[in-house]
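Overview (structure and organization)
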Amino acid sequence: GNRTTMHDRLRFMRWPGISWSWRNLVHEDVHSVPQQTWNRNTDIVWVHRTTEREGADAVQRNLRILRHALAKDPKEPRTWYYLGNAYFSDKQWGEAVRCYEQYVTMSGWDDERWTALVYCAIAYREMRLVKAALNADLRAMELRPQWPDHYLGLAYTHANMNDWPRARYWAEQA
């Protein structure tokens, strides 16, 4: 089907007395100086369309930028997370896991640590590392037991192991 992802972004910004500070090398966020509270305007819709080739080129660009950023500051958790995402998009499962696992040890943001663990589990499954996949989903469950993705991951992994009672159990938990 058609995939639709919506998120707020600051796109049109010209305001007297306000200067802008861009943060992060990829997935940049703009911050106003001085800090402002902004209103949401849903009258304008920005549709971003990308070809498969443009998407692949963007992943390679992001990998170059993020590797460079990591070399400059290996203690920045967000760089590890975004680098994991870039490797994941490029189906470099082992590198994605390495970055996500590092991010999980460094970050204090449980929501995103949960996301990193769910992606770790997917990558482990792609590498056919079943026990590691189960472990990553269980670790995610400890962080956000109310969210369903890790339960579905556990069900999927158990189904691939032909362990149907456990697959059903985890699917029902979702």
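Residues numbered from 1 in each chain as written. Predicted model: local features only at pLDDT ≥ 70, side-chain atom pairs only at ≥ 80, totals over all residues. Heavy atoms only, no water.

**With respect to the overall build of the protein chain**
Filter applied, for reference: Per the convention used, a helix needs a DSSP run of H or I reaching at least four residues, while a strand needs a run of E reaching at least two, with both numbered from the N terminus. Only protein chains enter the area calculation, which uses a 1.4 Å probe; residues under 20% of their type maximum are buried, those over 50% are exposed, and those in between are partly exposed. Here, residues are in contact when the closest pair of their heavy atoms is within 4.5 Å. Methods summary: accessible areas were calculated by the Shrake-Rupley approach with a probe of 1.4 Å, and residue burial reflects only the protein chains presented.
Looking only at helices and strands, the protein chain features seven helices and two strands. Along the protein chain, helices (α) and strands (β) appear in the sequence β-β-α-α-α-α-α-α-α when read from the amino end. Split into buried and exposed, the 174 residues of the protein chain put 34% on the buried side. Long-range pairs, those at least 24 residues apart, make up 39% of the contacts in the protein chain with a sequence separation of at least 6. Here the protein chain displays about 12300 Å² of accessible surface, and carbon together with sulfur accounts for 50% of that area.

**Remarks on the pattern of salt bridges**
Pairing of side chains with opposite charge becomes possible as their charged atoms draw close. Cut-off, in case you're wondering: Salt bridges, as used here, are contacts in which a Lys or Arg side-chain nitrogen is within 4 Å of a carboxyl oxygen on Asp or Glu.
Counted by the stated rule, this structure contains nine salt bridges. A salt bridge links Asp-110 to Arg-113; the shortest N-O distance between them is 2.6 Å. Here the residue Asp-110 and the residue Arg-113 both occupy positions in helix 4 (residues 110-126), the gap between them amounting to three residues, near one helical turn. Its relative accessible area of 26% is what places Asp-110 among the partly exposed residues. Between Arg-168 and Glu-172 there is a salt bridge, with its nearest N and O atoms 2.8 Å apart. Residue Arg-168 and its partner Glu-172 are located together in helix 7 (residues 164-173), separated by four residues, close to a single helical turn. Take Arg-168 and Glu-172: they sit in the same class, and that class is exposed.

**Points about the side chain of Asn-62**
With respect to the element layout, Asn-62 can be found in helix 1 (residues 52-72). By relative accessible area, Asn-62 is classed as buried at 12%.

**Re the packing of helix 5 (residues 130-143) against helix 6 (residues 149-160)**
Note the threshold: Inter-axis angles, ranging from 0 to 180 degrees, are taken between N-to-C directions of lines fitted to C-alpha atoms, where helices are fitted over the stretch in contact. Roughly parallel here means an angle under 35 degrees, roughly antiparallel means over 145, roughly perpendicular means 65 to 115, and every remaining angle is called oblique. A clockwise turn of the near helix away from the far one marks a right-handed crossing, whereas an anticlockwise turn of less than a right angle marks a left-handed crossing. Any residue that is not Ala, Val, Leu, Ile, Met, Phe, Trp, Tyr, Cys, Pro, Asp, Glu, Lys or Arg is counted as polar, Gly included; the first ten are nonpolar and the last four charged.
Close contact between helix 5 and helix 6 brings their axes to 9 Å; oriented N to C, the two are set at 160°. The angle between the axes of helix 5 and helix 6 places the two elements in the roughly antiparallel class. The two elements helix 5 and helix 6 cross, and the hand of that crossing is left-handed. Contact residues: helix 5 offers Val-130, Ala-133, Leu-134, Asp-137, Leu-138, Ala-140 and Met-141, while helix 6 offers His-150, Tyr-151, Gly-153, Leu-154, Thr-157 and His-158. Looking at the contact of helix 5 with helix 6 residue by residue, the classes come out as eight nonpolar, four polar and one charged.

**Some details on the nonpolar core**
Inclusion rule: For the purposes of this section, nonpolar cores are sets of buried Ala, Val, Leu, Ile, Met, Phe, Trp, Tyr and Cys residues that join through side-chain atoms within 4.5 Å.
The biggest cluster of nonpolar side chains holds 31 residues, and the ones touching the most others in it are Leu-83 and Tyr-100. Those elements giving two or more residues to this core turn out to be helix 1, helix 2 (77-89), helix 3 (93-106), helix 4 and helix 5. Counting residues per element, this core draws most heavily on helix 4, which supplies eight residues. Apart from residues no more than four positions distant in its own chain, Tyr-100 is found in contact with Tyr-81, Gly-84, Asn-85, Phe-88, Ala-116, Tyr-119 and Cys-120. By size, the runner-up hydrophobic cluster in this structure holds five residues, among which are Leu-134, Tyr-151, Leu-154 and Trp-170.

**Concerning the packing of helix 4 against helix 5**
Working note: a packed helix pair is described by the angle between its axes plus the distance between those axes. Helix 5 packs onto helix 4 with a crossing angle of 165° between their chain directions and a minimal axis gap of 8 Å. Here helix 4 lies roughly antiparallel to helix 5, going by the angle between them. Here the hand of the crossing between helix 4 and helix 5 comes out left-handed. When helix 4 is examined against helix 5, the residues Asp-110, Arg-113, Trp-114, Leu-117, Val-118, Cys-120, Ala-121, Tyr-124 and Arg-125 are found in contact with a partner set consisting of Ala-132, Ala-133, Ala-136, Asp-137, Arg-139, Ala-140 and Leu-143. Here the residues of the contact of helix 4 with helix 5 are counted per class, giving eleven nonpolar, no polar and five charged.

**Let's talk about the packing of aromatic side chains**
Keep this limit in mind: For Phe, Tyr and Trp, where Trp contributes only its six-membered ring, two rings pair if their centres lie within 6.5 Å, and the inter-plane angle classes them as stacked under 30 degrees, edge-to-face over 60, or tilted in between. Charge over a ring is defined by NZ of Lys or CZ of Arg lying within 6 Å of the ring centre and within 35 degrees of the ring normal.
For the structure shown, the criterion picks out nine aromatic pairs. For the ring pair Tyr-169 and Trp-170, a centre distance of 4.9 Å and an interplane angle of 75° mean the geometry is edge-to-face. With a relative accessible area of 14%, Trp-170 lands in the buried category. Put simply, the rings of Tyr-81, Tyr-82, Phe-88, Trp-93, Tyr-100, Tyr-103 and Tyr-119 pair up and form one aromatic cluster. It is Arg-144 that lies over the ring of Trp-147; its NZ or CZ is 5.6 Å from the centre.

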